[in-house]
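Spelled out from the first residue to the last, the chains are:
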Amino acid sequence: MITDTEARTPPDEKQSGFPVVGIGASAGGLEACRELLAALPPHTGMAFVLVQHLEPHHDSHLAEILARSTKMTVLQVQNNVRIEPEHVYVVPPNMRLTVKGSTLQLAPRGESPTQYYPIDHFFFSLAEELGTAAIGIILSGSASDGAQGLKAIKCAAGTTFCQDEASARYGGMPHSAIATGAVDFVLPPSAIAAEVVRIGMHPYLGNHGTGDGNGFESGKEDIRKILSLLRNNRKVDFTQYKQNTIRRRIARRMLVHNLSTPQEYVSFLEGNPAELEDLYRDILISVTQFFREPEMFESLARLVSEMVTKRDRELPFRIWSAGCATGEEAYSLAITISEVLEAAGLSTPVQLFGTDISEIAIDRARAAVYPETIQQYVSPERLSKSFTRVEAGYRISKSIRESCIFARHDIIRDPPFSQLDIVSCRNVLIYLGTAAQQRVIQALHYSLRPDGLLVLGSAESVGSRPDLFATVDNENKIFSRKRTPNRLIMTLPDPQGFEKPDTDRKLIENATVHTLVNVEVRATRILRDLYAPAGVTIDESMQIVHFHGPTSLYLEPPSGEASLNLFRVAHQNLLFALRKAIDTAADRADTVTESGVRFERDGEVRELTIRVIPIPEGSAHYYLVLFEDTRSRASSLPTALPGSSESGVLEFQLAQARRELDDSRDYLRKIIEQHEVAIEELRAANEEVQSSNEEMQSANEELRTAKEELQSSNEELITVNEELKNLNAELSSANNDLSNVLNAVTIPIVMVGMDYRIRRYTPAAERLLSTVPADLGRMITEIGYAVQVPGLKVMLADAIETLGVQQKKVQNRDGRWFSVMVRPYRTMDDRID
């Protein structure tokens, strides 16, 4: 199923103004970026933001360098700067960059023990804030920074580009980005510029990706044809999904192929079957990560540690990760549960079912190999214990992989799993229509064991089915399964064009058989209606689950929203007695009887007895509430009996009122005591929460201070390596120049080091002095030359000492005279070498 990091709204439903182009580059990216900007016209209606890996402790002149390649305004980002079109923004050194609304936000990079990924960090915020108006570009660079961020942009229905590896000086980053399958265009920088300009003028971006202006309103029939092609080809009914999301994904594919109307796209699909597969993948594109929202996993671990102490240890612990995408969520659950069981000293086997509608995502989950960027989300302890280092990054350890089974599964139409302890269905419901959401919620209830746990995304809830699930942790969206009077029978949808499986038919037949009642059941019901008192069965949340006999005298549904809450439908004069009886029965776990309860109905004063009988059912609690009439009389008639005095009647009524008052006082005193106890418990819980919050904040600060150390070191090494490569190139060039100069000089020259050893000589010296290559590195005074120079070592020492030129005339064996000069060797910083 579709999953995403965006919590509240599907990311492709974000709206924005003009497009913002994020550019990520590292080693070799400066040249590519200059080529890209040089090919862009000055008026594009877009803003460009460059995130380049920079040495954190040195000033950057990148903005000045790029300004020479474009007529657009090039600025180094200042904090809270407003994004303007026709501007190029460059990230400063040692800062992390994010988009917030229409501004760019800077924050200190800080220190971290893990590798730092500034491009991913920026791209994630770009996708979250701009949605369809986000454009991501990856240029030359090593490692894998930007790959996951590019995937997030595509998931938000943005557009993605990548420099082709052939034109990139370093192909690591482009290769990693392409491997995600989230790149729309793979082109050299100049071609990327042309495509960006074309996309900027497309109606899809001109209307913020809403579909308006793309012929969607008049092309509803074409949209139905597209969904029909998908249904027939992929056996998935996307009419069950939110149509705004589907329309945006279709519009994005139209943008990629430069098509303006759905009708054109239908024709394109019919002539290009491969595009149908690309559209299918785009609709299901997913971005997830390990241990997303860590607080949820911590809360779940606490709940599971309590759960395992109450369950049969021989039974396997069964988990279903619905919509698991590429497996990060499923493996995170498996690791968390394994850690809890290990901490409890249990050897309970773990069975995890990871399902998704995308075959590609399932294949990647089975491979269990993930890039190095997971270091951002997985602690070093878990990396060393539950992962194995491989060439491509990290692989899930064998023990965890063996506990996980992955399969393609459509949660809307395929039968659910059963007898599960935990179901995780995070950020799946936000993409489904209301009817599909209700079917899925019912299926998840069916799947869980009694008291099993359901985990949803931070923006999801059980909707209008609070009768199926109780909230355990509202902040982290963890729910527990409620027991229902009868097990729900699943009747799965029969989408148009889908053949219903035989298993579905059998379920329906069984359901039909079970709805038939035999004669004995009917006879029992007749006897109950004739002789049993009227009443209701309620659960512990006061919801009526069954009516017994005629209850209209005691229950009157109020006007407004329909409700089955007993306290909302009970007669006003019965509320006090009902609350008291039910609370007492819950405390004592025994039958409670309230006699002499008087109320007026239809001009008649009635007296009745309320009886509450607890009905325990496992960990759930139900109550049978019975109403037994004991006496009734007309309110207008005198209450005196024949022969009784008026004072006697008054005394009787006064005694009855006193008894009721005493009962009310006792009940109110009990309520006050319970209230005070609850306040004390809440105060203690609040103190614990505050203490835990302070500990969490302290731990969070410690993590922040240690977060980027390894990343910083790695970037510094990359930067130093780049500088060394540049220096090596300069050195090689200087060496070539020196060799050419020395070869062209006709004067015999010998270069000697401070230790009097020969370092270089010219070809003329080789001819005159008869030197050989083996003489390099030897002491100059130890070699006999064709021309002998008496006192040569003294001349060398004097030149070093005085920094002056030493000169002498000498004669060789043939009688030829030579002038010998010894000059000091000065370096660029004016030192003698």
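Structure's up top.
Just so we're clear, the structure is a prediction, and the values are computed from it rather than from any experiment. (Residues numbered from 1 in each chain as written. Predicted model: local features only at pLDDT ≥ 70, side-chain atom pairs only at ≥ 80, totals over all residues. Heavy atoms only, no water.)

Participant: Whenever I open this one, the sheet that holds strand S17 (residues 420–425) confuses me. Can you help?
Facilitator: The strands making up a sheet are joined through hydrogen bonds of the backbone, oriented either antiparallel or parallel. With mixed pairing, 7 strands are arranged side by side in an open sheet as S16-S12-S11-S17-S18-S20-S19. Taken across any chain shown, the strands that pair with only one partner, and hence form the sheet edges, are strand S16 (404–408) and strand S19 (469–473). Between one strand axis and the next, the sheet turns by 20° as a mean value, whatever way the strands run. Where strand S11 (residues 317–322) meets S17, 3 bridges bridge the pair, whose relative direction is parallel. Across the sheet, Ser-321 pairs through a bridge with Ser-424, a residue of S17. (Pairing = 2+ DSSP bridges. Helix = DSSP H or I, 4+ residues; strand = E, 2+ residues; numbered from the N terminus. Axes fitted to C-alpha atoms, helices over the stretch in contact; angles between N-to-C directions.)

Participant: Please explain helix H10 (residues 262–271) as it appears in this structure.
Facilitator: Residues lying three or four places apart along an α-helix face the same way, a consequence of the helix completing one turn every 3.6 residues. Listed in full, the buried residues belonging to H10 are Pro-262, Tyr-265, Val-266 and Leu-269. Mapping the buried residues of H10 onto a view down its axis gives an arc of 105°, with all of them on the same face. Opposite the buried face of H10, by more than 90 degrees, sit the exposed residues Gln-263 and Gly-271. Each element contacted by the buried residues of H10 is listed here: helix H8 (220–234), helix H9 (243–256) and helix H11 (273–283). (Buried < 20%, exposed > 50% of the residue type's maximum accessible area, 1.4 Å probe, protein only. Arc of directions from axis to C-beta. Contact = heavy atoms within 4.5 Å.)

Participant: Explain the side chain of Thr-537 to me, please; I cannot follow it from the model alone.
Facilitator: Locating Thr-537 in the fold gives a position in strand S21 (residues 534–539). Exposure remark for Thr-537: the relative accessible area of 12% places this residue in the buried category. At a separation of 2.7 Å, a polar atom in the side chain of Thr-537 contacts the side chain of His-548. Setting aside chain neighbours within four positions, we find Thr-537 in contact with Gln-543, Ile-544, Val-545, His-546, His-548, Tyr-622, Tyr-623 and Leu-624. (Polar contact = N/O pair within 3.5 Å; in protein donor to acceptor, adjacent residues only side chain to side chain.)

Participant: Honestly, the pattern of salt bridges in this entry has me stumped. Any pointers?
Facilitator: Close approach of charged atoms lets side chains of opposite charge pair. Overall, the coordinates contain 25 salt bridges when judged by the stated rule. For the salt bridge of Arg-252 with Asp-184, the shortest nitrogen-to-oxygen distance reads 2.5 Å. Of this pair, Arg-252 sits in helix H9 while Asp-184 sits in the loop between helix H5 (172–179) and strand S10 (185–187), placing them 68 residues apart in sequence. The buried category is assigned to Arg-252, whose relative accessible area is 0%. (Salt bridge = Lys/Arg side-chain N within 4 Å of Asp/Glu carboxyl O.)

Participant: Sorry, what's going on with the packing of H8 against H11 here?
Facilitator: For any two helices packed against each other, the geometry is given by the interaxial angle and the distance between the axes. For the pair H8 and H11, interaxial distance at closest approach is 11 Å and the crossing angle is 95°. Taken together, the axes of H8 and H11 are roughly perpendicular relative to one another. Across the interface between the two elements, Ile-226, Leu-229, Leu-230, Asn-233 and Arg-234 of H8 pack against Leu-276, Glu-277, Leu-279, Tyr-280 and Ile-283 of H11. A class-by-class count of the residues in the contact of H8 with H11 yields 7 nonpolar, 1 polar and 2 charged. (Parallel < 35°, antiparallel > 145°, perpendicular 65-115°, else oblique. Nonpolar A, V, L, I, M, F, W, Y, C, P; charged D, E, K, R; others polar.)

Participant: Explain the side chain of Asp-184 to me, please; I cannot follow it from the model alone.
Facilitator: Judged by its relative accessible area of 16%, Asp-184 is buried. Separated by 2.5 Å, the side chains of Asp-184 and Arg-252 make a polar contact. Dropping the residues within four chain positions of it, Asp-184 is found in contact with Lys-154, Gly-158, Thr-159, Thr-160, Arg-252, Arg-253 and Val-256.

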